[in-house]
Protein chains: 2
Amino acid sequence: MSATVVKALSLIEALSAGTAPIGISQLARELRLNKSTVYRLVDTLCRHRFVRQDPQSGRYALTTKLWELGVGVVQRLELREVARPVLEAVAQDSGEATLLGIVQDLDVLILDKVDSNQPLQIFSRVGTRVALHCTSIGRALLAFQSEDYVAQAMTKIARRTERTLVGRAELAAELARVRRTDAAECIDEWSLGVAGVAAPIRDLSGKVVASLCVTGPSSRFVARRLPKLRRMALEGARQVSDRLGYRPSGG
Amino acid sequence: MSATVVKALSLIEALSAGTAPIGISQLARELRLNKSTVYRLVDTLCRHRFVRQDPQSGRYALTTKLWELGVGVVQRLELREVARPVLEAVAQDSGEATLLGIVQDLDVLILDKVDSNQPLQIFSRVGTRVALHCTSIGRALLAFQSEDYVAQAMTKIARRTERTLVGRAELAAELARVRRTDAAECIDEWSLGVAGVAAPIRDLSGKVVASLCVTGPSSRFVARRLPKLRRMALEGARQVSDRLGYRPSGG
DNA sequence: CAACTGCGTTTCACTATTTGAAACGTGGCG
DNA sequence: CGCCACGTTTCAAATAGTGAAACGCAGTTG
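A brief look at the structure comes next. Given the structure is predicted, the values throughout are model-derived calculations rather than measurements. (Residues numbered from 1 in each chain as written. Chains lettered and ligands numbered in written order. Predicted model: local features only at pLDDT ≥ 70, side-chain atom pairs only at ≥ 80, totals over all residues. Heavy atoms only, no water.)

A short note on the environment of A:Leu141
Residue and element names in this part refer to chain A.
Thinking step 1. Mapped onto the secondary structure, leucine 141 falls in helix 5 (residues 136-142).
Thinking step 2. Sequence separation between leucine 141 and alanine 184 is 43 residues, and the spatial gap between their C-alpha atoms is 9.1 Å.
Thinking step 3. If near-sequence neighbours (up to four positions away) are discounted, leucine 141 is found in contact with Gly101, Ile102, Val103, Val108, Leu132, Val208, Val209, Ala210 and Ser211. (Helix = DSSP H or I, 4+ residues; strand = E, 2+ residues; numbered from the N terminus. Contact = heavy atoms within 4.5 Å.)

Spelled out as C-alpha cells, the structure:
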C-alpha cells in the first residue's frame, strides 16, 4: 500500500481530532514521524487547500474542504433513508411502483425503488440511469436546474418513441408547466406503454435535490386516475421535503 | 511535494465529484493515471475507510468519513460567526468583556472575545486556554460533559488562588447547581480580582457545544449586579443556541 | 544582553517506494 | 462460444520519499 498516502491520511485524522491549529513539531511527535516528512505532507495538503496555515502562529488546521468533499455522501444517504418509508407508503396507496431519482451528469440516477404489488410491472433498477427530457422523474428535476444546465441538457434530446417530445420550445413550455404545478407527467415518451408522474423534493435551503416518481404501465395511467396519482406523487415529495427540513415560504 | 499524496487527493476529489460509484478503469482514464496506480491508491483509501467498494458492481465510492473529519471545522466556523454579534451586543449592554469558549482536551479553548469599553480590563486572548474547573466559562461546559470526562477532568484540579474550589464533592455540587440554573459563576478562583458568569450554548441536537461568558474585575461583579450579569449571559447563550437551531423542549 | 530553546523551513545523499506493462480470472453480452 | 472490459496481481526498473543536520527566527532565560 501507498505508505505516504497512509501517513497523509493519519495526518488529516490527527488534524481533525484536535480542534485548534497545531504545529509541525507537535504533529510529528504525536504521529511519531519525522519533522521533515510531516512538513512535506502538510505542505502538500496546504497547496491543495485541505489545510491552512495560521499566519500568526505558523500552526496548521484543516479547512472546510474535507467537509465540502464529503457532504454530498451524507446528503444522499440521508435522502435515501428519509425517502424510503415514503416510497413504500406511496407504492402501497397507489398500487404502482415508486422511484427516487437525482440529477447525475446529464441523466437521472435512480437512487431507490419500491415495486408495485400488481402483476403488470415496469422495469427500472436502482443504480441505472434514465433520460432527463422524456421521463416524469427527469422533468421534475430538469425544470428546476439552472438555465445553463437546461441548455446543455437540450443538446442531448433524443427521440425514444413516436410520442417523445423532441421540440425545444415544446419542452421549455412543458418545463414551465412543471414549475407552475410542481408536478411532471410523461406517457409513452420514454418507452411505449410506460407512464409516470413525478414531483420535486427540496432540501432545507429550498433547492430541488431529488424527485419522487409514481410509475407503471400506461394502461393504468388513464385520465380518470391521473389527478389522483399526481396528488400522491406531490404529497410524497412534500413529505420527503418536509423531513429534509424544507419549509415552504408563502407563494 | 509528495506526488503520491497529490494523486490520492485528486482521486478523492474525483470520487466526490461523481455521485455514483465509479470503477477503477474509468477513474484511471479520467485522471490520466495508470490503472495499477489508481487501484493501489483506492485500495489504500479503502483500508482506511475513506472509500468503500460496492460489493455488487465492484465499483468504488466515498464513505462518510471525509464528512466526519471535516464537519468539526464547519461547526466551529459557524459557531464563531453566529456568536460574534451576540458577544458584541452582550459586551455593549453589560459593559464587560464577553468570551466564547469550547472544550478542548481537558481545558477551555477561547474561540472569540469582545473587549469591554471600560478602562479596567481583564486579560485573556483568543486561542489561549483556561481551566475547566475554576472558571465560569469552564464550569458551564464541564457541567454538561459525560461522567467519564468529568472524572478525568477532576484529576487535573489545581489550586490557582486561595479561593479556588478544589474539593471534588464541592465541585460536583457546584456543577449540579450549574445544571439546575443553566448558569455558572466564578469569582477570584482563576485569578484574584477576576470574576465571570457563563451559560452553556446548545446546538440543534441539544448538545452543549460552547459557552458564553461575561467577565471582568471582581470589583464590578458585586452581589447587587450579579443577577443582571447572569441574566445577560443566559440570554446571550440562549440567542446563540437559537441561531444554531436549538429548540428547548419543555422542562 | 548573550546564550539558549524550540519553532517552521530547507537541503541532499541514500534507499525504500511507487510505477506501469503485461497477464490473470471473471462476468456480461451478442 | 468468443469477445470485451472489468478488477486484481506481479515484478524489474526508476523514481519519489526519507530523515539527520542545519538555517534563520522569535521568544525566553540566567
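Describing the side chain of A:Asp112
All names here are of chain A.
Thinking step 1. Tracing the backbone shows aspartate 112 in strand 4 (residues 107-114).
Thinking step 2. In this structure aspartate 112 comes out as buried when scored by relative accessible area, which is 4%.
Thinking step 3. A distance of 2.8 Å separates polar atoms of two side chains, one belonging to aspartate 112 and the other to arginine 84.
Thinking step 4. Ignoring sequence-local partners within four residues, the contact set of aspartate 112 consists of Arg80, Arg84, Leu87, Thr98, Leu99, Leu100 and Val126. (Buried < 20%, exposed > 50% of the residue type's maximum accessible area, 1.4 Å probe, protein only. Polar contact = N/O pair within 3.5 Å; in protein donor to acceptor, adjacent residues only side chain to side chain.)

A word on the relation of the copies chain A and chain B
Thinking step 1. Overlaying chain A with chain B gives an RMSD of 0.1 Å, the required rotation being 180 degrees about an axis along which the chain moves by 0.0 Å. Such a combination of rotation and displacement between the chain copies is what one expects of a two-fold axis. (Least-squares fit on C-alpha atoms with pLDDT ≥ 70 in both.)

Some details on the protein's contact with DNA strand D
Thinking step 1. Surrounding DNA strand D, one finds 20 residues, the nearest of these being A:Lys7, A:Asn34, A:Ser36, B:Tyr39 and B:Tyr60.
Thinking step 2. Each atom of DNA strand D within 4 Å of the protein was classed as base or backbone; sugar and phosphate made up 69%.
Thinking step 3. In the model, a base nitrogen of DNA strand D is placed 3.3 Å from a nitrogen or oxygen of the B:Lys35 side chain.
Thinking step 4. Contacts to DNA strand D include B:Ser36, whose side-chain N or O atom sits 3.5 Å from a base oxygen.
Thinking step 5. Secondary-structure elements contributing two or more residues to the surface near DNA strand D are helix 1 (3-17) and helix 3 (35-47) of chain A together with helix 1 (3-17), helix 2 (24-31) and helix 3 (35-47) of chain B.
Thinking step 6. Here the surface near DNA strand D is composed, by residue class, of five nonpolar, 11 polar and four charged. (Near = heavy atom within 4 Å. Nonpolar A, V, L, I, M, F, W, Y, C, P; charged D, E, K, R; others polar.)

Structural notes on the sheet that holds strand 8 (residues 208-217) of chain B
All names here are of chain B.
Thinking step 1. The sheet built from six strands is open, its strands ordered 5-4-3-8-7-6 with antiparallel pairing. Only two strands of the sheet have a single neighbouring strand rather than two, namely strand 5 (129-131) and strand 6 (184-187). Between one strand axis and the next, the sheet turns by 35 degrees as a mean value, whatever way the strands run.
Thinking step 2. Sheet topology note: the strand 7 (residues 194-202)/strand 8 ladder contains nine bridges and is antiparallel. Across the sheet, isoleucine 201 pairs through a bridge with alanine 210, a residue of strand 8.
Thinking step 3. Contacting strand 6, strand 7 and strand 8, helix 8 (residues 226-243) crosses the sheet at an angle of about 30 degrees to strand 7. (Pairing = 2+ DSSP bridges. Axes fitted to C-alpha atoms, helices over the stretch in contact; angles between N-to-C directions.)

Read these as layout, nothing more, since geometry by itself doesn't imply function.
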